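Observations on the model geometry
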Amino acid sequence: MLTFISDLHLSPAVPGITALFEAFLASLPKRQINSLYILGDFFDHWVGDDDCRDPYNARIIAALRQAADQGIELNLLHGNRDFLLGQDFATAAGLRLLPDPYVLSVVTWQFVLSHGDALCTDDQDYQAFRAQVRGHAWQADFLAKPLAERKAIAAALRQRSEAIKAEKRDEANYLMDVNAATVEDFLRDNGYATLIHGHTHRPERHDHIVDGIHCERWVLSDWHQDHTRAWGDCLVWDGDTLQRESLELPLA
Ligand SMILES: [Mn+2]
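Residues numbered from 1 in each chain as written. Predicted model: local features only at pLDDT ≥ 70, side-chain atom pairs only at ≥ 80, totals over all residues. Heavy atoms only, no water.

**Comments concerning the sheet that holds strand S9 (residues 213-219)**
What the five strands build is an open sheet, ordered S5-S6-S7-S9-S8; its pairing is mixed. Each having just a single partner strand, strand S5 (102-106) and strand S8 (204-210) make up the two edges of the open sheet. Strand-to-strand twist across the sheet, computed as the mean angle between neighbouring axes with direction ignored, equals 25°. As judged from the five bridges shared by S5 and strand S6 (residues 109-114), these two strands associate in the antiparallel manner. Within S6, the residue paired with serine 105 across the bridge is glutamine 110. Most of the contacts of helix H8 (residues 180-189) go to S8, to which it runs at about 75°, and overall it touches S6, strand S7 (194-197), S8 and S9. (Pairing = 2+ DSSP bridges. Helix = DSSP H or I, 4+ residues; strand = E, 2+ residues; numbered from the N terminus. Axes fitted to C-alpha atoms, helices over the stretch in contact; angles between N-to-C directions. Contact = heavy atoms within 4.5 Å.)

Put into structure tokens, the structure is as follows:
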């Protein structure tokens, strides 16, 4: 059995979500789930693999490594917040980094996995930013800066995005949804496979008819916490059907 999650935005600021993830990971063997696919924005921010030694990051890496050692196949593709996760992190955590998009063929079905930000083509400012930061030159330049400076830059970017979010009041306006024509092209280019993505924080199952072919698009939720509980969702493939499951952890 396979399971898919996205947009946990893990950081020391969300201990409830962190605990929910650790409980989720620990529950996989007894649920006979042997493959986990993390579809980006796993971490709230990642400034380079030399930050693996940070105590919080080391804790997450240890939890992943423990699951990998128990025989869970771990896979991760980048989101817009953690696209600098690299091979040193992957090796330490015992996981495989996947390209975006990634076509996943199982015995009776075909999925295509993506974070989803590349589908939001109505947001031209973001797509320009994305093209820049996903380029080799920008990344080489950024990673050459001292770790403390990279952390300061990430904190400033976070503060700016929080300010924009507060200004626009609700997340629905803050995060644009996917562009329908871009989704159709994407499905056509990827063999009309069942698309699973996150990023938009709009959990839903959509039907698309592309070239007369019925395609499904499943959107994962981001994860949340308040003072009483942490919650999120996952998709589970049992070899026959894909189902959404709610995840929840009460917090003392
Ligand atoms: Mn995202």
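**Regarding the coordination of the manganese ion**
Bound to the manganese ion are the protein donor atoms Asp41 (OD), Asn80 (OD1), His115 (NE2) and His199 (ND1), situated 2.1 to 2.2 Å from the metal. On the primary sequence, the residues serving as donors to the manganese ion are separated as D-x38-N-x34-H-x83-H. Placement of asparagine 80 in the loop between strand S3 (73-77) and helix H3 (87-93) and of histidine 199 in the loop between S7 and S8 is noted, with a sequence separation of 119 residues between them. We note that asparagine 80, like histidine 199, is buried. (Donors = N, O, S within 2.8 Å, 3.2 Å for Na, K, Ca; no water. Buried < 20%, exposed > 50% of the residue type's maximum accessible area, 1.4 Å probe, protein only.)

**Observations regarding the pairing of S6**
Taken together, S5 and the strand that follows it, S6, pair antiparallel across an intervening segment of two residues. For S6 and S7, the ladder comprises four bridges, and the chain directions are parallel. Considered in S7, the bridge of valine 112 is made with leucine 195.

**Concerning the pairing of strand S11 (residues 229-237)**
Among the nine residues of S11, seven are classified as buried, and the element is accordingly described as predominantly covered. Pairing of strand S10 (residues 224-225) with S11 involves two bridges; the strand directions are antiparallel. Counterpart to histidine 224 in the pairing with S11 is tryptophan 231. Remark: three residues form the turn of the hairpin made by S10 and S11, two consecutive strands paired antiparallel. Two strands pair when backbone bridges link them, and S11 and strand S12 (residues 242-250) are joined in this way by nine bridges, in the antiparallel orientation. Note that in S12 the partner of aspartate 233 across the bridge is serine 246. Between S11 and S12, which pair antiparallel and follow one another directly, the connecting turn spans four residues, one of which, glycine 239, has a positive phi of 100°.

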